[in-house]
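Each chain, letter by letter, is given below.
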Amino acid sequence: MSEKLAVAIECADRLKINGHVWYTTKRPRGCVVINPATGVLARYYHRYARFLAGHGFVVPTYDYRGIGDSRPPRLRGCGYRWRDWGMLDFDAMLRFARAKWPDLPLLVVGHSIGGFLPGYAQMASAITRILSVGAQYAYWRDYEARRRLTLLAKWHVVMPVVTAAWGYFPGRRLGWLEDLPSGVAMEWSFRRSRFEERYASTDQRTVLDRFASVTAPILAVAAEDDEFATPAAVERGLAYYCNAPKMRAVLRPRDLGVTAIGHFDLFHARHEATFWRSTLRWLRDGVNPWQSCPYPSAT
């Protein structure tokens, strides 16, 4: 059994983000912060959060600034960026969790960009373990080869043009995820092979040092048929965590009894008995349940 409570968390810049905490009715064994993918509402992860709470965890979920319950009245012209989601929003969630449950292991499940954001947060050195799922930062040359040109046109040509015209990215209207702040959309569209190259030179060292300060073990999981989180994309992101022990796993659809997984499917309830249950071994015990499924490029 689990219980849900709405929360509002104040970030370092005084902006408040909104979310929920899923409480276990058992003695908690850890706190799991869930970081969503870009343009995905926190409520998509609520079933997984409830599942984790039912197995003894307290689980904060939240929407990044500009998204869902943390969306401002006016999104047009809003310059929130990916780096704000990590440096401010995720960092605030870590501080909230550490203050609320100081004696519990601090765990993170990050989906897509949510699996890359920990390195931005000043409090990331307090994390015990990280499970990243399809984590990457959208460098277009890492997209799956057969889909690369299509994805390049969609996210790196159409998206910035539409964003410039509208003042934000109207993803919901187009059927392309949720609406995005202009800063997030543009940061995605113009991401370089080295993500820090678009930052001011004075900021680059600070960001790289924060990634280097993360020493929590990372288990990076992605799907064999994920067009975004290819092995190259996952490795590009993991390389920034130079002081963290890293493990990789690629999941095949047939291993989970399905015909396709892609980038978004693993948090669907159909995977409760397979993927979700396997994640407990990592979060609870620090054991990689997919040791027989390494990425081809893993070293």
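Up top is the structure these notes are about.
Quick summary incoming for the structure in this document. (Residues numbered from 1 in each chain as written. Predicted model: local features only at pLDDT ≥ 70, side-chain atom pairs only at ≥ 80, totals over all residues. Heavy atoms only, no water.)

**Let's talk about the overall build of the protein chain**
The secondary structure content of the protein chain amounts to eight helices and ten strands. Taking 2.2 N^0.38 as the reference for a compact globule, 299 residues should give roughly 19 Å; the C-alpha atoms of the protein chain span a radius of gyration of 18 Å, in line with that estimate. Counting only C-alpha atoms, the protein chain reaches 50 × 45 × 40 Å along its principal axes. Taking all 299 residues of the protein chain together, the buried fraction comes to 56%. Summarising the internal contacts of the protein chain: among those between residues at least 6 apart in sequence, 71% fall at separations of at least 24. Of the roughly 12600 Å² of accessible surface on the protein chain, 50% is carried by carbon and sulfur atoms. Between the mean site of the 41 positive side-chain charges and the mean site of the 27 negative ones, the protein chain shows a separation of 1 Å. (Helix = DSSP H or I, 4+ residues; strand = E, 2+ residues; numbered from the N terminus. Rg over C-alpha atoms; globule rule 2.2 N^0.38 Å. Buried < 20%, exposed > 50% of the residue type's maximum accessible area, 1.4 Å probe, protein only. Contact = heavy atoms within 4.5 Å. Areas by Shrake-Rupley, 256 points an atom, 1.4 Å probe, with all protein chains shown as cover. Lys, Arg positive; Asp, Glu negative; His and termini not counted. Charge placed at Lys NZ, Arg CZ, Asp CG, Glu CD.)

**Side note on the pattern of salt bridges**
All chains considered together, the criterion is met by 17 salt bridges. Of the charged contacts in the structure, one is a salt bridge between Asp89 and Arg65, with a shortest N-O distance of 2.7 Å. One end of the pair, Asp89, is in helix α2 (residues 82-100); the other, Arg65, is in the loop between β4 (57-62) and α2, and 24 residues separate them in sequence. The exposure class assigned to Arg65 is buried, which follows from its relative accessible area of 2%. Between Glu178 and Arg172 there is a salt bridge; the shortest N-O distance is 2.7 Å. For Arg172, a relative accessible area of 52% corresponds to the exposed category. Each member of the salt-bridge network shares a partner with another, and the members are Asp13, Arg65 and Asp89. (Salt bridge = Lys/Arg side-chain N within 4 Å of Asp/Glu carboxyl O.)

**Comments concerning the packing of aromatic side chains**
Following the criterion strictly, the structure yields 34 aromatic pairs and no others. Look at Tyr48 and Phe51: their rings are 6.3 Å apart centre to centre, the planes differ by 15°, and that puts the pair in the stacked class. Note that Tyr48 and Phe51 are positioned in helix α1 (residues 46-54) at a spacing of three residues, about one turn of the helix. By the burial criterion, Tyr48 is buried, and Phe51 matches it. With 6.0 Å between their ring centres and 20° between their planes, Trp82 and Trp188 make a pair best called stacked. Of the two residues, Trp82 is situated in helix α2 and Trp188 in helix α5 (residues 182-189); the sequence distance between them amounts to 106 residues. Looking at Trp82, the relative accessible area reads 2%, which means it is buried. Classification of Trp188 by relative accessible area gives buried; the value is 6%. Here the aromatic cluster, defined as three or more aromatic residues joined through ring pairs, consists of Tyr44, Tyr45, Tyr48, Phe51, Phe267, Phe275, Trp276 and Trp290. Of note, Arg65 hangs over the ring of Tyr80, and the distance from its end group to the ring centre comes to 5.4 Å. Sitting over the ring of Tyr168, Arg71 keeps its end group 5.9 Å from the ring centre. (Phe/Tyr/Trp six-rings, centres within 6.5 Å; stacked < 30°, edge-to-face > 60°. Lys NZ or Arg CZ within 6 Å of the ring centre and 35° of its normal.)

**Some details on the packing of α2 against α5**
Closest axis-to-axis distance for the α2/α5 pair is 7 Å, and the angle between their directions is 115°. For the pair α2 and α5, contact is made by Trp82, Arg83 and Trp85 and by Val184, Glu187 and Trp188, respectively. Residues that form the contact of α2 with α5 fall into these classes: four nonpolar, no polar and two charged. (Axes fitted to C-alpha atoms, helices over the stretch in contact; angles between N-to-C directions. Nonpolar A, V, L, I, M, F, W, Y, C, P; charged D, E, K, R; others polar.)

None of this, on its own, says anything about what the molecule does.
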